Every structure is written in structure tokens, then in C-alpha cells.
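Notes for the structure review
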Amino acid sequence: MNDAAISLNAPALFDLSGRVALVTGAGSGIGQRIAMGLAQCGADVALVDRRTDDGLANTAAFIAQTGRRSLQIAADVTSGEALEEAVTRTEAELGPLRMAVNAAGIANAERCEDMPEDQYQTLMDINMKGVWLSCKAEARAMLSHGKGGSIVNIASMSGVIVNRGLNQVHYNASKAGVIHMSKSMAMEWVDRGIRVNSISPGYTATPMNTRPEMVHQTREFESQTPMQRMASVDEMVGPAVFLLSDASSYCTGVDLLVDGGFCCW
Ligand SMILES: NC(=O)c1ccc[n+]([C@@H]2O[C@H](COP(=O)([O-])OP(=O)(O)OC[C@H]3O[C@@H](n4cnc5c(N)ncnc54)[C@H](O)[C@@H]3O)[C@@H](O)[C@H]2O)c1
Ligand SMILES: O=C(O)C(=O)C[C@H](O)[C@H](O)CO
């Protein structure tokens, strides 16, 4: 092979310098840590969450230390209007949106036969419709500026398997929906420069799983996982950077399981 013809620069594939990202659920857990990681890789990041405590401010303070810019936006992902406004503000203050991570989500449990309709509907509105509304607002901006884009939706291994002992038919169905919705959107936009992929985490140490009443459940999670532990939020950053960056330029419609081997057993 003629060496002069090789233009490969592998580290540059993961470089996000000068790109703008929007992350939902950026006030806690997986979304928060991914937002921090994107800034460390050079991105300016709009931080979206419905939290009104110091969650977003903590994410922003970390990002400020990286020298990158951030924008705190209090918004609920069940509102299409709020998401459109969030994207408009992001582009006005940070620049053209090139990357998005949709991590906002909730989990709760109830036996199927006892679950009230509003419990089912509230979760579906956030976990599934919220992802659709987020992608819709993000893609409209990406399509209009023509610079292309990469979207990563945070699904779950619960969209692939049924978590033993957890009564959460609505949660599991919402995550299966996110995986297939991501593939469907990937195909709608495949010839217009937008890639859409999902990450399906296994059990991850976040406030969703570390509530005091979850102590027993957490031990179960760990013993059921081939790696015998939950993931740390840091372990979701690399997969997100990969799927958002040029390193995955030929990947679209992929669901990346990051589950410590859980789905192998
Ligand atoms: N923790 C796990 O084990 C695990 C495993 C697989 C998938 N996930 C998924 O990862 C994502 C992040 O979960 P996490 O564990 O980091 O939880 P988390 O509770 O730490 O963070 C979720 C964030 O989403 C925000 N949010 C919730 N509803 C919202 C809404 N309507 N509008 C705007 N923001 C909203 C919350 O305020 C919170 O800051 C979720 O989609 C979850 O289903 C988590
Ligand atoms: O998505 C998963 O697999 C989860 O682990 C979600 C939560 O941990 C589970 O619903 C327990 O609250």
C-alpha cells in the first residue's frame, strides 16, 4: 500500500471541538455525565432538564472548568413547544446544533393488573413521546442548516429483555419503543445527513437505582449481571462520544447495548 495515500487520523475521529450538542436529562445521572464528557471532548452543550434544583447548575459548573460553553434550559420533554424553544435558544446562543443526546426518562413499578392508567400514560409521555418530540425539534434544526447531525437516544436493556423481578411493563415497552423509533427515524433521515442511534444501558448507578429502598434490588442487579456490578455513569460516556462523533460515521439505526454482558445470559 502507498503510505502517502493514507489520510487516517484516528484520534481526530473522536474530536468534537467546535460542535454544539443538546442533552436532555442533563441535570442528573447518565445525561449529566454524558454532557460533561462531550464538553471534555470539545463540544459546547445545551443542558435541558425539568429539574429546578441545582442539577443543571452542577453540570454547567463542571463544563465551565473545561473551557467550553453551556446553556441551562429548564424544559419538560413532554412539551413540543418547549423543546422547539430550547433548540432555537441553543442555536442562537451556541451555534448550529450538530449533536443531541436524549436521556430524560423516569422509572417506576407496579403490577400490570394494578397499574393505574395515569401511571402508565405519564411514563409513556416522558420516555417515548418525549424522545420523539426531542428528536423532532433537534432534526428540524439539523435539516434546516444542512450541516448534518448525530442523535443518540438513551433506551435501555429493558427494551430488549424483561428485568427479572421488576413489574414495569410500561417502562420495558417504552424502551423497546425508543429502540425501534430510533431505527425508524434513522431510515427517514438517512439520505439527509442525520444519523440516529440508541444506547441501551444495563443497570447503572444513578439516582434512579440508588434510592435507599432500592438497596436489596441493587444487590440483585449486581448478582444478575455477568460483570457482577452496576455500570458507573462514566461508562456511558465513551459509547455516547463514539456514536455522536465521526468515529461512527457509518453507523445509523444501531442499538448499542452497554450492559456488562447482561443480555448474553
Ligand atoms: N439507571 C439505570 O440503570 C438505567 C438503565 C437503563 C436506561 N436508563 C435510562 O437512562 C436515562 C437516564 O436515567 P438516569 O438513570 O440517569 O436517571 P436520573 O433520574 O438520574 O436522570 C434522569 C433525568 O431526567 C430528567 N427528566 C425526567 N423527566 C423529565 C421530563 N419530563 N422533562 C425533562 N427532564 C426530565 C430528570 O429530572 C433527571 O434529571 C433514562 O432514560 C433511563 O430510563 C437508566
Ligand atoms: O432500564 C433499566 O434496565 C433499569 O435499570 C431501570 C431501572 O433501574 C428500573 O426500572 C428500576 O427502577
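Residues numbered from 1 in each chain as written. Chains lettered and ligands numbered in written order. Predicted model: local features only at pLDDT ≥ 70, side-chain atom pairs only at ≥ 80, totals over all residues. Heavy atoms only, no water.

In the annotation of an unreviewed UniProt entry, the protein is listed under the name 2-dehydro-3-deoxy-D-gluconate 5-dehydrogenase and assigned to Martelella mediterranea DSM 17316. As its UniProt record puts it under Sequence similarities (unreviewed entry), the protein is described as follows: "Belongs to the short-chain dehydrogenases/reductases (SDR) family." (UniProt positions renumbered as here; feature names shortened; annotations may be inferred.)

**Observations regarding the packing of aromatic side chains**
Using the criterion set out here, one finds two aromatic pairs in the structure. Seen in terms of ring centroids, Tyr 203 and Phe 221 are 3.6 Å apart; in terms of plane orientation they differ by 10°. Their pairing is stacked. Of this pair, Tyr 203 sits in the loop between strand S6 (194-201) and helix H6 (215-224) while Phe 221 sits in helix H6, and the two are 18 residues apart along the sequence. Neither residue differs from the other here; Tyr 203 and Phe 221 are each classed as buried. Between Tyr 203 and Phe 262, the ring centres sit 5.6 Å apart and the planes meet at 80°, which makes this aromatic pair edge-to-face. (Phe/Tyr/Trp six-rings, centres within 6.5 Å; stacked < 30°, edge-to-face > 60°. Helix = DSSP H or I, 4+ residues; strand = E, 2+ residues; numbered from the N terminus. Buried < 20%, exposed > 50% of the residue type's maximum accessible area, 1.4 Å probe, protein only.)

**What to know about the site of ligand 1**
Taken together, 29 residues surround ligand 1, and among them Ser 28, Asp 49, Tyr 171, Thr 206 and Asn 209 come closest. A distance of 2.9 Å is found between an oxygen atom of ligand 1 and a backbone nitrogen or oxygen belonging to Thr 204. Interatomic distance of 2.6 Å between a side-chain N/O atom of Thr 206 and an oxygen atom of ligand 1. Considered on its own, ligand 1 offers 820 Å² of accessible surface; in the complex 93% of this is hidden by protein. Counting residues per element, the ones that place at least two in the shell around ligand 1 are helix H1 (29-40) and helix H5 (169-188). Its residues assigned to classes, the shell around ligand 1 shows 14 nonpolar, 10 polar and five charged. (Near = heavy atom within 4 Å. Polar contact = N/O pair within 3.5 Å; in protein donor to acceptor, adjacent residues only side chain to side chain. Areas by Shrake-Rupley, 256 points an atom, 1.4 Å probe, with all protein chains shown as cover. Nonpolar A, V, L, I, M, F, W, Y, C, P; charged D, E, K, R; others polar.)

**Observations regarding the site of ligand 2**
The full set of residues close to ligand 2 is Ala 107, Ser 156, Ser 158, Asn 163, Leu 166, Gln 168, Tyr 171, Tyr 203, Met 208, Asn 209 and Met 214. Here an oxygen atom of ligand 2 sits 2.6 Å away from a polar atom, N or O, in the side chain of Tyr 171. Starting from 330 Å² of accessible surface for ligand 2 in isolation, the protein chains cover 94%. A molecule is said to occupy a pocket when more than half its atoms come within 2 Å of that pocket's grid points, and by this definition ligand 2 occupies the largest pocket. Residues of the shell around ligand 2, tallied by class, amount to six nonpolar, five polar and no charged. (1 Å grid on protein atoms, 1.4 Å probe; cavity = no way out; pocket = protein on both sides within 12 Å on 5 of 7 lines; lining within 4 Å. Sits in = over half its atoms within 2 Å of the grid points.)

**Considerations on the layout of surface pockets**
Empty space among the atoms can be located by rolling a probe the size of a water molecule over them. Each pocket or cavity is described by its volume, and for the largest pocket that value is around 960 Å³. Elements with a minimum of two residues in the lining of the largest pocket: H1, strand S2 (44-49), helix H4 (117-145), H5 and H6. Counting residues per element, the lining of the largest pocket draws most heavily on H1, which supplies three residues. Partitioning the lining of the largest pocket into residue classes produces 21 nonpolar, 17 polar and seven charged. Its boundaries defined by the atoms lining it, the second largest pocket holds a volume of some 160 Å³. Surrounding the second largest pocket, 13 residues form its lining, Arg 19, Gly 149, Ser 150, Arg 195 and Asp 246 being those nearest its centre. Of all the secondary-structure elements, those providing two or more residues to the lining of the second largest pocket are strand S4 (97-102) and strand S5 (149-154). (Points joined across faces, edges and corners; volume = space filled by probe spheres on them.)

**Section: the pairing of S2**
Judged by how many residues are buried, S2 sits mostly within the fold: six of six residues are covered. Alternating positions in S2 separate into two faces, Asp 44, Ala 46 and Val 48 on one and Val 45, Leu 47 and Asp 49 on the other, with burial throughout. By the bridge criterion, five bridges tie strand S1 (residues 20-24) to S2 in an arrangement that is parallel. Bridging across to S2, Val 23 finds its partner in Leu 47. Each parallel crossover has a hand, and for S1 linked through H1 to S2 it is right-handed. For S2 and strand S3 (residues 70-74), the ladder comprises five bridges, and the chain directions are parallel. If you follow Ala 46 over to S3, its bridge partner there is Leu 71. (Pairing = 2+ DSSP bridges. Right-handed = clockwise from strand over helix to strand, strands pointing away.)

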